[in-house]
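Chains, contacts and geometry: an overview
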Amino acid sequence: MCPVVVSEVVFTRSGWLPGVIREDGELKLMLAAGADANHEPRTFTFPISAAHLAVIREDLARHLLLWSAVLPLCDAAGTRGRLDENAAVALLDPVLFSPPAEVDALLRRIRWDRDRLVAHGADLDLLERGEVCAALRAATERADETRVQEHRAERRRAERGVVLGPLDAQVLRYTGQYLHGATVPGRKPDAVDPAVLPEVMRVIATAEQACAGMRIGLDPRRGNRATDKRDWDRLESTVDAAVRRAFPGLADDAVRTVSFLMCSEAADRARSTPVDDDDGTVDHHVDPGGGARRTALSFTDDKGGQKTWVRDGSRSASAEFWQFVADRSASDNEVFTIEDEERGEGVQLHFYADSIARITTVSPGEGGADPQYRVEYSLVDGIGGYRTLVSAFIRGGCAALERYGPWMSDVAEFERARRQRDAR
C-alpha cells in the first residue's frame, strides 16, 4: 500500500500566490504553475524552513520575489517533469534574506517572471531600471491581470520602436486594440478617458466621412464570407490618407486601427447584405435588344458540379451563380461556366488566370455533324470585373459582352496579352 501523506495548510494569501503547507511534519512551499498533458494545473512543492516561512508571512514583497524566481523552474518542468528542488531551495536564502541590492543583482543573473510582479503593482519605471526590490514597495496582494496585458503590449510596441502619445493610446482603446493588435476592432467609447473622448471621436468622424459611400464587396471565389481584397485596400488607403492629413501627429498604430475599424465594419455590412443585392445590379433577365426572356441557365464547375437556375422570381440568376461559386470554389476548382442552352451560348470563368471565355454556337451540328463554336477570350480585372461580365451576360448574352473587350479568338495572342499583364 502507498503511504498516506498528511498535510495541513500553514499560511496562504489570496489568489495564486504560493502557500505554505506542513507535510508529514515538514514545511513546504506549494505553488500551482503550468499545466499537465491534459491541460490541468500542475502543483509543485519544495521544502522550506521556519525562518523562510516567517519572511514569507511578514513580507509580501519578498513573497512575490520568491514566486517570480521559482516560476521559471516550474515552466522548465513542463507537463510531466519534476521540479528541480535543489535549484528551488537554492533560491530561498538569496531571495528572502539578502539585502535589496544583492537580490537585484541575483535577478540580473537568473530568469524570473516579470508579469507576476507587474500584476501585483510593481512600479514599472523602477522595474525597467532593474531596481526590482524598490519597485515592490507598494506591492498589492490582489493581482491585476489587465495591467500585465497592458505592460506586455507596451513592451511589444517598444521593441518596434513605437511610442504612443495620449491621443494614440486612447484611439487604440476606443477600437479595443490597445492590448492586442490582432483583435477585430470595435467601438468601445467607455474604455476611453472621458477628457480625450471628444478628440477621439473627431478622428473617427474624419475616417467615416472619408469612406462614406464606399463598400467592400464579397469575393465568392474564396468562400461564402470572404471579401474583395481590392475593395478593402482601396477603403483602407482612403481612410489612412484622410486621417493622416487631418491628424498629422497620430502614430501609425493609431491610424491603422481606425482604418481597420472602417474596413471591418464595411466587410460586416457586405456579409449581412442579401446575396441578391451583393453586386449592386438588378437582374431583369431581359435581352437589351428585345429578345425573349431567359427561362433557364446552367452552372457547372471543373469538378462535375452542376446547378440549374430557372426563372421563377425567387432569386436572380447572378445571385444563384455566385452562391454556387462560393459553395464550390477551391484551389483545385477554379473554372466555372454559365450556359444558356436555349440560345446556344455561354461564358467560362477562369479564376486561376483572371480571364474569361465567351462561347457562341455558330452551327448546331445538324445531321450528325459536330456543333461549331466560336470561342473568344478576354482578361478580367478582379472579382469586380467578373461581376460586371456575369451580370452583362445574364442580361444580354454574349452580345452584351462586346463593349467589355477586347476579345481575342487567337489563343496565342491571348496568352501573350495575359503574360504581359501578369508581368506588369
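Above this text you will find the structure in question.
The paragraphs below set out a description of the structure included in this document. All values reported here derive from a predicted model rather than from experimental measurement.

The rules behind each value
Residues numbered from 1 in each chain as written. Predicted model: local features only at pLDDT ≥ 70, side-chain atom pairs only at ≥ 80, totals over all residues. Heavy atoms only, no water. Axes fitted to C-alpha atoms, helices over the stretch in contact; angles between N-to-C directions. Helix = DSSP H or I, 4+ residues; strand = E, 2+ residues; numbered from the N terminus. Parallel < 35°, antiparallel > 145°, perpendicular 65-115°, else oblique. Left-handed = near helix turned anticlockwise from the far one by under 90°. Contact = heavy atoms within 4.5 Å. Nonpolar A, V, L, I, M, F, W, Y, C, P; charged D, E, K, R; others polar. Phe/Tyr/Trp six-rings, centres within 6.5 Å; stacked < 30°, edge-to-face > 60°. Buried < 20%, exposed > 50% of the residue type's maximum accessible area, 1.4 Å probe, protein only. Lys NZ or Arg CZ within 6 Å of the ring centre and 35° of its normal.

For any two helices packed against each other, one specifies the crossing angle of their axes together with the interaxial distance. For the pair helix α9 (residues 166-175) and helix α10 (residues 197-210), interaxial distance at closest approach is 10 Å and the crossing angle is 70 degrees. On the basis of the axis angle, α9 is roughly perpendicular to α10. The handedness of the crossing between α9 and α10 comes out as right-handed. Within the contact between the two elements, α9 uses Leu 167, Gln 170, Val 171 and Tyr 174 and α10 uses Glu 199, Val 200, Met 201, Val 203 and Ile 204. Each residue belonging to the contact of α9 with α10 can be placed in one class, and the counts come to seven nonpolar, one polar and one charged.

This brings us to the packing of aromatic side chains. Under the criterion given, the structure shown has nine aromatic pairs. Measuring from centroid to centroid gives 5.8 Å for Phe 324 and Phe 336, while their planes differ by 85 degrees, and the two rings are edge-to-face. Taken together, the residues Phe 324 in helix α13 (residues 317-328) and Phe 336 in strand β7 (residues 335-340) connect sequence positions twelve residues apart. Note on accessibility: Phe 324 and Phe 336 belong to one class, buried. On the basis of an interplanar angle of 35 degrees and a centroid distance of 5.6 Å, the ring pair of Phe 336 and Phe 351 is categorised as tilted. Taken together, the residues span a long stretch of sequence, with Phe 336 in strand β7 and Phe 351 in the loop between β8 (345-350) and β9 (355-363) at a distance of 15 residues. Exposure class is identical for Phe 336 and Phe 351. Each is buried. One aromatic cluster is present, formed by Phe 299, Phe 321, Trp 322, Phe 324, Phe 336, Phe 351 and Tyr 386 through successive ring pairs. One Lys or Arg, Arg 173, reaches over the ring of Tyr 178 and ends 4.0 Å from the middle of that ring. For the cation-ring pair, Arg 387 lies above Trp 322, with the distance from its terminal atom to the ring centre recorded as 5.2 Å.

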